[in-house]
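Chain residues, written in single-letter form:
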Amino acid sequence: MLERIKRIFYRSMDNKEINYCEVKKIIAENSDTILLDVRSKQEYEEGHLSGSISLCLYDICEQADKLLPNKEQTIITYCSSGNRSREAQQLLENMGYESVYNLKGGLDNIG
(Lines give C-alpha, C1' and ligand atoms only; values in the text may rest on other atoms or scores of the structure.)
Protein backbone atom coordinates (compact mmCIF):
# COMPACT_ATOMS: atom_id res chain seq x y z
CA MET A 1 0.00 0.00 0.00
CA LEU A 2 2.77 2.46 0.91
CA GLU A 3 4.58 1.75 -2.36
CA ARG A 4 1.37 2.44 -4.30
CA ILE A 5 0.95 5.79 -2.52
CA LYS A 6 4.57 6.69 -3.28
CA ARG A 7 4.10 5.85 -6.99
CA ILE A 8 0.97 8.01 -7.18
CA PHE A 9 2.69 10.87 -5.35
CA TYR A 10 5.83 10.80 -7.47
CA ARG A 11 3.88 10.36 -10.72
CA SER A 12 1.91 13.52 -9.91
CA MET A 13 5.15 15.31 -9.03
CA ASP A 14 6.62 14.36 -12.42
CA ASN A 15 3.86 16.14 -14.28
CA LYS A 16 4.04 18.91 -11.68
CA GLU A 17 0.31 18.94 -10.99
CA ILE A 18 -0.13 18.49 -7.26
CA ASN A 19 -3.14 18.39 -4.97
CA TYR A 20 -3.62 20.51 -1.86
CA CYS A 21 -2.38 17.78 0.51
CA GLU A 22 0.86 17.63 -1.48
CA VAL A 23 1.10 21.45 -1.39
CA LYS A 24 0.88 21.41 2.41
CA LYS A 25 3.51 18.67 2.60
CA ILE A 26 5.95 20.59 0.36
CA ILE A 27 5.47 23.76 2.41
CA ALA A 28 6.00 21.85 5.67
CA GLU A 29 9.24 20.35 4.35
CA ASN A 30 10.50 23.53 2.66
CA SER A 31 9.49 26.73 4.45
CA ASP A 32 10.82 29.03 1.71
CA THR A 33 8.37 27.63 -0.85
CA ILE A 34 6.46 30.39 -2.63
CA LEU A 35 2.71 30.13 -3.08
CA LEU A 36 1.97 32.22 -6.16
CA ASP A 37 -1.62 33.37 -6.69
CA VAL A 38 -1.92 34.23 -10.39
CA ARG A 39 -5.49 35.52 -10.27
CA SER A 40 -6.38 39.20 -10.59
CA LYS A 41 -5.70 41.60 -7.69
CA GLN A 42 -9.44 41.77 -7.03
CA GLU A 43 -9.75 37.98 -6.81
CA TYR A 44 -6.70 37.88 -4.51
CA GLU A 45 -8.19 40.54 -2.22
CA GLU A 46 -11.46 38.60 -2.00
CA GLY A 47 -9.55 35.67 -0.49
CA HIS A 48 -6.32 33.74 -0.95
CA LEU A 49 -4.18 31.03 0.59
CA SER A 50 -2.33 32.18 3.67
CA GLY A 51 1.22 33.26 2.93
CA SER A 52 0.72 33.53 -0.81
CA ILE A 53 1.87 36.40 -2.98
CA SER A 54 -0.12 37.89 -5.81
CA LEU A 55 1.26 38.06 -9.34
CA CYS A 56 -1.41 38.18 -12.02
CA LEU A 57 -0.82 35.77 -14.89
CA TYR A 58 -0.71 38.66 -17.35
CA ASP A 59 2.12 40.36 -15.42
CA ILE A 60 4.40 37.35 -15.00
CA CYS A 61 6.72 38.05 -17.92
CA GLU A 62 7.29 41.64 -16.77
CA GLN A 63 7.48 41.15 -13.00
CA ALA A 64 8.67 37.62 -12.25
CA ASP A 65 12.38 38.47 -12.19
CA LYS A 66 11.74 41.20 -9.62
CA LEU A 67 9.31 39.30 -7.37
CA LEU A 68 10.89 35.85 -7.81
CA PRO A 69 14.65 36.42 -8.06
CA ASN A 70 15.72 32.89 -7.05
CA LYS A 71 15.03 30.60 -10.01
CA GLU A 72 15.92 27.54 -7.91
CA GLN A 73 13.29 28.24 -5.23
CA THR A 74 10.20 26.01 -5.19
CA ILE A 75 7.12 27.82 -6.51
CA ILE A 76 3.54 26.56 -6.40
CA THR A 77 1.15 28.39 -8.71
CA TYR A 78 -2.59 28.48 -8.16
CA CYS A 79 -5.75 30.19 -9.39
CA SER A 80 -9.45 29.40 -9.15
CA SER A 81 -9.61 26.33 -11.40
CA GLY A 82 -6.00 25.47 -12.24
CA ASN A 83 -6.05 26.72 -15.83
CA ARG A 84 -4.36 30.10 -15.42
CA SER A 85 -1.90 28.65 -12.92
CA ARG A 86 -0.96 25.87 -15.36
CA GLU A 87 -0.21 28.54 -17.94
CA ALA A 88 1.79 30.51 -15.34
CA GLN A 89 3.74 27.37 -14.46
CA GLN A 90 4.69 26.91 -18.11
CA LEU A 91 5.69 30.57 -18.48
CA LEU A 92 7.90 30.40 -15.40
CA GLU A 93 9.53 27.19 -16.58
CA ASN A 94 10.21 28.80 -19.96
CA MET A 95 11.85 31.69 -18.08
CA GLY A 96 14.24 29.27 -16.39
CA TYR A 97 12.53 28.58 -13.06
CA GLU A 98 13.49 25.05 -12.08
CA SER A 99 10.96 23.88 -9.51
CA VAL A 100 7.46 25.08 -10.38
CA TYR A 101 4.32 23.13 -9.50
CA ASN A 102 0.64 23.77 -10.19
CA LEU A 103 -2.19 23.26 -7.69
CA LYS A 104 -4.37 20.83 -9.62
CA GLY A 105 -7.95 22.09 -9.83
CA GLY A 106 -7.03 25.37 -8.13
CA LEU A 107 -8.93 26.77 -5.19
CA ASP A 108 -12.14 25.16 -6.48
CA ASN A 109 -10.63 21.76 -5.68
CA ILE A 110 -9.73 22.49 -2.04
CA GLY A 111 -12.26 20.98 0.27
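Residues numbered from 1 in each chain as written. Predicted model: local features only at pLDDT ≥ 70, side-chain atom pairs only at ≥ 80, totals over all residues. Heavy atoms only, no water.

(A) Expanded view of the pattern of salt bridges. This model, assessed by the stated rule, comprises 5 salt bridges. With a shortest N-O distance of 3.5 Å, Glu93 and Lys16 are connected by a salt bridge. Of this pair, Glu93 sits in helix H5 (residues 83–94) while Lys16 sits in the loop between helix H1 (2–14) and strand E1 (17–18), and the two are 77 residues apart along the sequence. The salt bridge partner of Glu17 is Arg86, with a shortest N-O separation of 3.1 Å. With Glu17 in strand E1 and Arg86 in helix H5, this residue pair connects regions lying 69 residues apart in the sequence. Taking relative accessible area as the criterion, Arg86 reaches 31% and is therefore assigned partly exposed. (Salt bridge = Lys/Arg side-chain N within 4 Å of Asp/Glu carboxyl O. Helix = DSSP H or I, 4+ residues; strand = E, 2+ residues; numbered from the N terminus. Buried < 20%, exposed > 50% of the residue type's maximum accessible area, 1.4 Å probe, protein only.)

(B) Examining the packing of aromatic side chains more closely. Summed over the entire model, instances satisfying the criterion amount to 0 aromatic pairs. Cation over ring: Lys16 sits above Tyr101, and NZ or CZ is 5.6 Å from the ring centre. Geometry around Tyr97 places Lys71 over its ring, the cationic atom sitting 5.2 Å from the centre. (Phe/Tyr/Trp six-rings, centres within 6.5 Å; stacked < 30°, edge-to-face > 60°. Lys NZ or Arg CZ within 6 Å of the ring centre and 35° of its normal.)

(C) Here's a closer look at helix H2 (residues 20–29). Among the residues making up H2, those that are buried are Glu22, Val23 and Ile26. Projected onto a plane normal to the axis of H2, the buried residues spread over an arc of 105° and lie on a single side. Along H2, exposed side chains directed more than 90 degrees from the buried face belong to Cys21 and Ala28. In this structure Asn19 caps H2, since a side-chain oxygen of it lies 3.0 Å from the backbone nitrogen of Cys21. (Arc of directions from axis to C-beta. Polar contact = N/O pair within 3.5 Å; in protein donor to acceptor, adjacent residues only side chain to side chain.)

(D) How the structure looks around the environment of Lys41. On the secondary structure map, Lys41 appears in helix H3 (residues 41–46). A sequence separation of 15 residues divides Lys41 from Cys56, and the C-alpha atoms of the two residues are 7.0 Å apart.

(E) Region of the structure containing the side chain of Gln73. Relative to the helices and strands, Gln73 resides in the loop between helix H4 (60–67) and strand E4 (75–78). Take Gln73: its relative accessible area is 16%, and that puts it in the buried class. A distance of 2.5 Å separates a polar atom in the side chain of Gln73 from the backbone oxygen of Asp32. Filtering out sequence-adjacent residues up to four positions away, Gln73 remains in contact with Asp32, Ile34 and Ser99. (Contact = heavy atoms within 4.5 Å.)

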